[in-house]
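Each chain, letter by letter, is given below.
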Amino acid sequence: MSTEKRKKIESVLVVIKRTKYELDLESYGSLDEFKRVAEIQNDSFSRIYNSHLRQLQSREELKRTFPNGNFIFREELENIDIAIYDLVIALGGDNHFTYVAHHALDNLVLGCNSDPETSVGALLSFHTSDISNAVSKNWENIRIEEWPRINVRIEYPNGKAIETFQGISEISIRNNSPDLTSRFLISHEQVSEEQKCSGLLVYTGAGSTGWVMSCENKDVSFDKQEPYFKVYCRELRKKESFQYKLDHFTVRNSFRLISEMRGGISIDSLAERIYDFPPGAKADFSVSPERLRVVVQKHG
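Residues numbered from 1 in each chain as written. Predicted model: local features only at pLDDT ≥ 70, side-chain atom pairs only at ≥ 80, totals over all residues. Heavy atoms only, no water.

**Examining the domain arrangement of the chain**
Domain parsing of the chain yields domain 1 (12–140) and domain 2 (149–288). Of note, the centres of domain 1 and domain 2, computed from C-alpha atoms alone, are 29 Å apart. Every contact between the two is made by 10 residues of domain 1 and, on the other side, 14 residues of domain 2. Between domain 1 and domain 2, a total of about 1000 Å² is buried, with carbon and sulfur atoms accounting for 61% of that surface. For domain 1, the biggest contributors to the area lost against domain 2 are H102, L105 and L123; these three give 50% of the whole. Measuring nitrogen to oxygen at the nearest pair gives 3.8 Å for the salt bridge that ties E272 to R74. Inspection of the domain 1/domain 2 interface yields five residue pairs in polar contact (both at pLDDT 80 or more). Classifying every residue of the side of domain 1 that touches domain 2 gives five nonpolar, four polar and one charged. (Domains from an automatic or database assignment. Contact = heavy atoms within 4.5 Å. Buried area = accessible area lost by both parts, 1.4 Å probe. Salt bridge = Lys/Arg side-chain N within 4 Å of Asp/Glu carboxyl O. Polar contact = N/O pair within 3.5 Å; in protein donor to acceptor, adjacent residues only side chain to side chain. Nonpolar A, V, L, I, M, F, W, Y, C, P; charged D, E, K, R; others polar.)

As structure tokens, then:
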């Protein structure tokens, strides 16, 4: 990273994910009720509470590293001007990173694992100690990657059209009822097929180490900066003597879906980013010309 860019990292926003302990304690209303339910759930209270303590420690370590930084919970993102910050740090896990990134598309974004002991964090390049080390070296041991984003435009049968939040990791398209077949007409580069499956996954390099890896049961990962995304049909219903052409393919421009189901489009597995996809709705997925700028560590 150049000296000029290092000097620009002056104003820092740290966006914190509430711990499972904090969320569950609020949900159950009392510590006694929380412990009672946790005992039923594989006696999980100690594990949850110890993770909570480690995550509190991560918060304090970052506060020491950035004494002038602004620290907020992610619920407060709607109420601030994120554009004034040179660097936005997502302190949590992978799902939290994508949530924060949706709000910080024009910022430098850094993913920090709040509890490495229990979380792999495939999208998170840093632990708190790594950030402290990077700051002490004036950020000379980092680089900026540019990750592709996926544009999604949905046109409904009544003529209404919307642009969803951009996909950063993976997008899931499926029937609203998990017990019913997902049905749609899929079109890509002059090829069209009607398909029936359990759902469709649209994923970038950032999402290639996640859900689709479990579906394929083999390494299908690719570099997070590759300027394309891939599409995978989950549990595709096989037809006798029929060879599907669009069961797993690469998209460098765009592809289209026409829904034949009462379905939904879920962006980056976030409950706040699910869009209706009813019969007759058309959805166009395309590679965005814009990129997410992500701070990562140099290796080697």
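**Topic: the environment of D94**
Assignment of secondary structure puts D94 in helix α5 (residues 94–103). Taking the C-alpha atoms as reference points, D94 and G280, 186 residues apart in sequence, are found 33 Å from one another. In contact with D94, other than residues within four places in its own chain, are G121, A122, L123 and L124. Among the polar contacts made by the side chain of D94, one reaches the main-chain amide nitrogen of L123 at a distance of 2.9 Å. (Helix = DSSP H or I, 4+ residues; strand = E, 2+ residues; numbered from the N terminus.)

**Some remarks on the pairing of strand β8 (residues 182–188)**
With five of seven residues buried, β8 lies mostly within the body of the structure. Adjacent in sequence and paired antiparallel, β8 and strand β9 (residues 191–197) are bridged by two residues, among which E189 carries a positive phi angle near 50°. (Buried < 20%, exposed > 50% of the residue type's maximum accessible area, 1.4 Å probe, protein only. Pairing = 2+ DSSP bridges.)

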